[in-house]
Amino acid sequence: MQDVILLLLSMAVHVVVSSLLRRAPPFKEMQTRLAAAKWALVRDFSAALRQDVVVTDRVTAHHLLVRGGAGGAFCNRPPTSAASSVLSRQRHHNIGSAPYGPLWRGIRRNLVSEVFHPSRLRVYAPARRRALCGLVADLREQCTSSNDGLVLAAESIHAALFGLSAAMCFGDGVDPGRVRAMADGMEDLIRSLVGLRVFAALPALTELIYRQRWNKLVTLRRQQEEMYLPLIDARRGLLRRPSGEAPTYVDTLIDLLVGDDNSASGAKAPKQRLADGEFVGLCSEFLGAGTEPAAAALQWIMANLVKHLDVQEAVRSEIDAVVGADAEEVSEEDLGKLEYLNAVLMEALRLHPTVPSVARQVSN
């Protein structure tokens, strides 16, 4: 076993040295690369020596994560292998990958206050209704066109949710063909995320060993830039938003000023606007996080309703009593009256949480 490890190590060193000699970079650049490789080794081995502590008690987790126990020691997150940070070589971050600091606080506060605040969510009601009508029409068309009555509900739900997320992110005027292309690209990227973690550690080495996989990921990222940046630039060029149109997620990011995480300790660096790479990463995160967890939750809810027919009948009875059996749809104003339906949703999220765990890096 030791011989195999030494052989693999020698082969890896040979690949790195051969690549450096073949490219023949200046001596200072070689020093920089060697220093980066040394730091990566120290970081990876130190991470291997860390001890993981799993907290399952609800009160303790709430105290540590929400109430800021232990002097805020649980604020920071461990380094992640998010696509935006890995593919940009840690230059561009989104909310899921940014370390705790001015950038993370700025982009997270913007999302919560400018998009997810209840007063803001109400203005997206027309977009939600269009997505719902499109979903119902798609399901009905499948029912009438299918000989055996087979309906691909999961695909229809995913398409409707992605279209809604795209409208909230870029506006209502996005071409449906481009939306489908963005959805396909997001699906390809999500399938490739399993192999992304290998590039989070020792990228200079792993990019050479897994060159084909790395090139595929870079291509997917470039395709995202080609699809997203024209839509972002179009929102930048608007002198005035069309009357009655809700502000998009991109609109909230255009004028956002954030601090620099790399500024010296104690130095108050001037705030700056987001770069194009950060725009692409944040939009990709918004589309993915706005679609995949909700689609998975709806599929679990439907599966449980099919499994428990008594619960399904109780939900139906409550809806008929509140909105009427002949109603075309359940309005958002009626949702607050459907207490049993809300209980079913909460129970489904308890059984199948979209975020089963939260990782934090304790700082001394």
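Residues numbered from 1 in each chain as written. Predicted model: local features only at pLDDT ≥ 70, side-chain atom pairs only at ≥ 80, totals over all residues. Heavy atoms only, no water.

## Thoughts on the nonpolar core
For the record, the criterion: Nine residue types can take part in a nonpolar core, namely buried Ala, Val, Leu, Ile, Met, Phe, Trp, Tyr and Cys, and a core is a set of them joined through side-chain atoms within 4.5 Å. Whether a residue is buried, partly exposed or exposed follows from its accessible area with a 1.4 Å probe, protein chains only, as a fraction of its type maximum: under 20%, in between, or over 50%, in that order. By the criteria applied, helices consist of DSSP H or I runs no shorter than four residues and strands consist of E runs no shorter than two, each listed in order from the N terminus. Any pair of residues with heavy atoms lying within 4.5 Å of one another is described as a contacting pair.
Judged by nonpolar contacts, the single largest core of 40 residues is most densely connected at F170, M182, Y228, Y249 and L274. Those elements that place two or more of their residues in this core are α6 (102–114), α8 (125–145), α9 (153–170), α10 (176–192), α12 (211–236), α13 (249–254) and α14 (276–307). Discounting chain neighbours no more than four positions away, the residues touching Y228 are F170, M182, M186, V280, C283, S284 and L287.

## Quick word on the packing of aromatic side chains
Quick note on the threshold: Two aromatic rings from Phe, Tyr or Trp, using only the six-membered ring of Trp, form a pair when their centres are within 6.5 Å; if the ring planes differ by under 30 degrees the pair is stacked, by over 60 it is edge-to-face, and anything between is tilted. Placement of a positive charge over a ring is assigned whenever Lys NZ or Arg CZ falls within 6 Å of the ring centre and within 35 degrees of the normal to the ring plane.
Taken as a whole, this structure holds four aromatic pairs when the rule is applied. With a centroid separation of 5.7 Å and an interplanar angle of 45 degrees, the aromatic rings of F170 and Y228 are classed as tilted. A residue pair is termed long-range when its members are at least 10 positions apart, and F170 in helix α9 and Y228 in helix α12 qualify at 58 residues. Looking at F170, the relative accessible area reads 4%, which means it is buried. Its relative accessible area of 0% is what places Y228 among the buried residues. Measuring from ring centre to ring centre gives 4.6 Å for Y249 and F286, while their planes differ by 20 degrees; the resulting arrangement is stacked. Of this pair, Y249 sits in helix α13 while F286 is found in helix α14, placing the two residues 37 residues apart along the sequence. As far as the burial class goes, Y249 and F286 line up, both buried. Put simply, the rings of F116, Y249 and F286 pair up and form one aromatic cluster. Sitting over the ring of Y100, R105 keeps its end group 5.3 Å from the ring centre. For the cation-ring pair, R236 lies above F279, with the distance from its terminal atom to the ring centre recorded as 4.7 Å.

## A word on the confidence of the model for the protein chain
For clarity, the cut-off: Here pLDDT means the predictor's own confidence in every residue, given as a number from 0 to 100.
On average, the protein chain scores 80 in pLDDT, and the residues at 70 or more come to 73%. For the protein chain, per-element mean pLDDT is lowest for helix α1 (residues 2–23), which scores 47, and highest for α9, which scores 95. Ignoring residues within four places in sequence, the model shows residues 1–11, a span with pLDDT below 50, making zero contacts including any to other chains. Segment residues 41–46 is flagged for pLDDT under 50; beyond a separation of four residues in sequence, or across chains, it makes six contacts in the model.

## A look at the environment of E347
Here E347 shows up in helix α16 (residues 339–351). Measuring from C-alpha to C-alpha, the distance between E347 and I301 comes to 9.2 Å, with 46 residues separating the pair along the chain.

## Focus: α8
Since the α-helix turns once every 3.6 residues, residues separated by three or four places project in the same direction. The cut-off we apply is this: Helices are assigned an expected span. That span is 1.5 Å times one less than the residue count. The directions from the helix axis to the C-beta atoms form the arc being described.
Its 21 residues place the ends of α8 30 Å apart at the C-alpha level, agreeing with the 30 Å of an ideal helix rising 1.5 Å per residue. For α8, the full list of buried residues reads A127, A131, L135 and Q142. Across the axial projection of α8, the buried residues extend over an arc of 75 degrees, all falling on one side. Along α8, exposed side chains directed more than 90 degrees from the buried face belong to R140, E141 and T144. On its buried side, α8 packs onto α9.

## A closer look at a nonpolar patch on the surface
The condition that has to hold: To count toward a patch, a residue needs a relative accessible area above 30% and no salt bridge. Like charges then connect within 9 Å, nonpolar side chains (Val, Leu, Ile, Met, Phe, Trp, Tyr) within 5 Å. Using a 1.4 Å probe, the Shrake-Rupley method yields the accessible areas, and only the shown protein chains count as cover for residues. One side-chain nitrogen of Lys or Arg within 4 Å of one carboxyl oxygen of Asp or Glu is enough to make a salt bridge.
The grouping of L65, V66, V355 and V358 at the surface amounts to a nonpolar patch, some 370 Å² of accessible area in total. Here V66 lies in the loop between α3 (58–65) and α4 (69–72). Take V66: its relative accessible area is 60%, and that puts it in the exposed class.

## Things to note about the side chain of S165
If you trace the backbone, S165 turns up in helix α9. According to the relative accessible area criterion, S165 is buried, its value standing at 5%. Discounting chain neighbours no more than four positions away, the residues touching S165 are F286, L287, G290 and T291.

## Considering the packing of helix α15 (residues 309–323) against α16
To keep things clear, this is the line we draw: Note on method: axes are straight lines fitted to C-alpha atoms, helices fitted across the in-contact stretch only, with angles between N-to-C directions ranging 0 to 180 degrees. For classification purposes, an angle smaller than 35 degrees is called roughly parallel, one larger than 145 roughly antiparallel, one from 65 to 115 roughly perpendicular, and anything else oblique. For this scheme, ten residues count as nonpolar: Ala, Val, Leu, Ile, Met, Phe, Trp, Tyr, Cys and Pro. Four count as charged, namely Asp, Glu, Lys and Arg, and the remainder, Gly too, count as polar.
In the contact formed by α15 and α16, the axes pass within 8 Å of each other and the chain directions differ by 140 degrees. In this view, α15 runs oblique relative to α16, as classed from their interaxial angle. Contacts from V311, A314, V315 and E318 of α15 reach α16 at E339, Y340, L341 and V344. Classifying every residue of the contact of α15 with α16 gives six nonpolar, no polar and two charged.

## A short note on the pattern of salt bridges
Taken as a whole, this structure holds 13 salt bridges when the rule is applied. In this structure, E332 engages R128 in a salt bridge whose closest nitrogen and oxygen atoms are separated by 2.7 Å. With a gap of 204 residues between them, E332 in the loop between α15 and α16 and R128 in helix α8 connect regions that are remote in the sequence. For E332, a relative accessible area of 38% gives the class partly exposed. Between K337 and D334 there is a salt bridge whose closest N-O contact spans 3.7 Å.

## Some words on the environment of R108
Among the secondary structure elements, R108 is positioned in helix α6. Between the C-alpha atoms of R108 and N94, which are 14 residues apart in sequence, the distance is 9.1 Å.

## Let's talk about the state of the cysteines
Put simply, the rule reads: In what follows, a disulfide is any cysteine sulfur pair within 2.5 Å.
Inspection of every chain in the model, using the stated rule, returns zero disulfides. Left unpaired, C169 is separated from the closest cysteine sulfur, that of C283, by 3.7 Å. C169 gets classed as buried once you look at its relative accessible area, which sits at 0%.

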